[in-house]
Amino acid sequence: MEIRTDVADMLRAGHSDREIARRLHVDNKAVAASRKGLGLARHKTGIKAASSPQDLFRQRTRPVDGGHLEWTGYRTNDGTPFFRWLKRGYTAGRVAFVMQHGRTPVGRVQPGCGYSGCVAPAHVEDQPMRDQLKKQMAGIFGGAA
């Protein structure tokens, strides 16, 4: 059996038989036979699992105007953006914080940008960051820290 080069390339790139048949206008059975002839396993269907909590975070956010990120995934009863990866729970804010600052946050993570619910890594702050900002504001404008 002769295997078309374009079919073989797409098979090796991980495309499904159905997608290859649709794109290249060939029969599904011919693609399946080519897959078998190349000794490739059947294409796995469904959503590919995220390789890390950060990947899952990226999959469940969408950009909005102003550089903000909106959470599109599950929220807890109190509205906290939350997800599970490998049976472990994560809040989106904490993952965003670690992505930006490379350290575990101290205390509660909140958006510092004023956009309600923003989980953009550059916009989230932990308690020490908020305390520092409060001190700086008190130093500039006067008042108790």
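Check the entry above for the structure.
Residues numbered from 1 in each chain as written. Predicted model: local features only at pLDDT ≥ 70, side-chain atom pairs only at ≥ 80, totals over all residues. Heavy atoms only, no water.

Visitor: Outline the nonpolar core, listing residues and values.
Guide: Counting residues in hydrophobic clusters, the biggest one holds 17 residues, and the most contacted among them are F57, W71, F83, W85 and V119. For this core, the secondary structure elements donating two or more residues are helix 4 (53-59), strand 2 (68-71), strand 3 (82-85) and helix 5 (92-101). Take this core: its biggest share by element is four residues, from helix 5. When neighbours within four sequence positions are excluded, W71 is seen to be in contact with F57, R60, T61, P81, F82, F83, A92 and V119. Formed by eight residues, the second largest nonpolar core is a distinct cluster that contains L11, I20, L24 and V31. (Core = buried A, V, L, I, M, F, W, Y, C linked by side-chain atoms within 4.5 Å. Buried < 20%, exposed > 50% of the residue type's maximum accessible area, 1.4 Å probe, protein only. Helix = DSSP H or I, 4+ residues; strand = E, 2+ residues; numbered from the N terminus. Contact = heavy atoms within 4.5 Å.)

Visitor: For the pattern of salt bridges, give the residues involved together with the corresponding values.
Guide: Here the structure, examined in full by the defined rule, presents six salt bridges. A salt bridge links D55 to R58, with the nearest nitrogen and oxygen atoms 3.0 Å apart. Of this pair, D55 and R58 both sit in helix 4, three residues apart, roughly one helical turn. When its relative accessible area of 25% is taken as the criterion, D55 is described as partly exposed. (Salt bridge = Lys/Arg side-chain N within 4 Å of Asp/Glu carboxyl O.)

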